[in-house]
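Commentary on secondary and tertiary structure
So you can see what is in the structure, the chains are spelled out below.
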Amino acid sequence: LVATGLRERISLPSKSGDDNGGAFQRAIVEAFGRASEAGLANPIVVGALPFDPAEPSSLYVPDSAEWEERGSAPAPGTPLEVPLLGRASTPDESGFKRAGEHAILNFRFGEVEKAVLSVIQELSFAGDVDPGTIMANLRAQNRDGYQFQVPLPDGGSLVGISPELLVRRDGATLVTNPLAGSARRADDAEADRGIA
C-alpha cells in the first residue's frame, strides 16, 4: 500500500481505542467525514501506534493510497552519502553479556519463561539522512518483510521492515529499536519444525 500526502494527522493515544464512542474512534470517524467532504472517495488511516497505548499515536489520513505489485527484484542498496560521526550502544557489549547471564540464571530458577535481549544503537551522522534511501536499502535486504515509512509529528520518520528492524530518524541521528519473537522448542523434531 503506497500512501501519499498528509491530509490530516491523528495523534490521540489509542488507549480505549476499541470503544466505538471513545475519543480515538471519534477522531478517526470525524477525519473520514472531513476527507469525504473534501472529495476523497475512500479515505483510510495509516501510520504507527506506540507500544504504550497511553502515548500519542502517529496516524494520518493520506491524500491518496493505492496498492502496488511488488517488483520481481528490488533495486540494490545505495550507500548513505552522509558520513557517520559516532555510534553508541546501550547496553555496551559487557552489559549485554551480563544481561544474558542474568536471564540464564532466571531461567534456571524458573522465575522467567521468556527473555528478549536487545541493544539500542544510536548513530549520529554529519547531516540529515534521507529516509527514502534507508527504505530502499531495507527493501533490498528484505523484500518479503512488512515495509513501512511513516512521517512523525516532530519531522522525523519511522522507517523499517517488521518484525526485525525499526529505525527512527531525527535530523542527523538514527535510533533503532529491533523487535524479536520466539517460541519454545519442542522435544519432537517434527513438532519443532512445525513450531518454527
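Each remark here, short or long, concerns the structure printed above.
Residues numbered from 1 in each chain as written. Predicted model: local features only at pLDDT ≥ 70, side-chain atom pairs only at ≥ 80, totals over all residues. Heavy atoms only, no water.

1. Some points on the pairing of strand 4 (residues 58–61)
Applicable threshold: Burial classes: relative accessible area under 20% of the type maximum marks a residue as buried, over 50% as exposed, and values in between as partly exposed (1.4 Å probe, protein chains only). A run of DSSP states H or I qualifies as a helix once it reaches four residues; a run of E qualifies as a strand once it reaches two. Both are numbered from the N-terminal end. Here the rule is simple: two strands pair whenever DSSP picks up at least two bridges between them.
The alternating pattern of strand 4 places S58 and Y60 on one face and L59 and V61 on the opposite face, and all of these are buried. By the bridge criterion, three bridges tie strand 2 (residues 8–10) to strand 4 in an arrangement that is antiparallel. What sits directly across from R9, in strand 4, is Y60. Here three bridges tie strand 3 (residues 46–48) to strand 4, and the two strands are oriented antiparallel to one another. In the strand pairing of strand 4, V46 is matched with Y60.

2. Comments concerning helix 2 (residues 93–108)
Our working rule: Helix span, as expected, comes to 1.5 Å for every residue beyond the first. The arc under discussion is defined with respect to the helix axis, by the directions toward the C-beta atoms.
With 16 residues, helix 2 extends 23 Å from end C-alpha to end C-alpha; this agrees with the ideal 22 Å at 1.5 Å per step. If you check which residues of helix 2 are buried, you get G95, G100, A103 and N106. Buried residues in helix 2, looked at end-on, bunch into an arc of 145°, giving them a common side. Residues of helix 2 that are exposed and angled more than 90 degrees away from the buried face: E93, R98, E101 and R108. Note on helix 2: the residue one or two positions beyond its end, G110, has a positive phi of about 70°.

3. Some thoughts on the sheet that holds strand 3
The condition that has to hold: All axes here are fitted lines through C-alpha atoms, helices being fitted over the stretch that makes contact, and every angle between N-to-C directions spans 0 to 180 degrees. Pairs of residues are marked as contacts when any of their non-hydrogen atoms sit within 4.5 Å.
Read from one edge to the other, the open sheet built from three strands follows the order 2-4-3, with strand pairing classed as antiparallel. The open sheet has two edge strands, strand 2 and strand 3, and neither has a second partner. Within this sheet the neighbouring strands show an average axis-to-axis angle of 20°, counted without direction. Where helix 1 (residues 23–37) meets the sheet, it contacts strand 2 and strand 4, and its direction lies at approximately 175° from that of strand 2.

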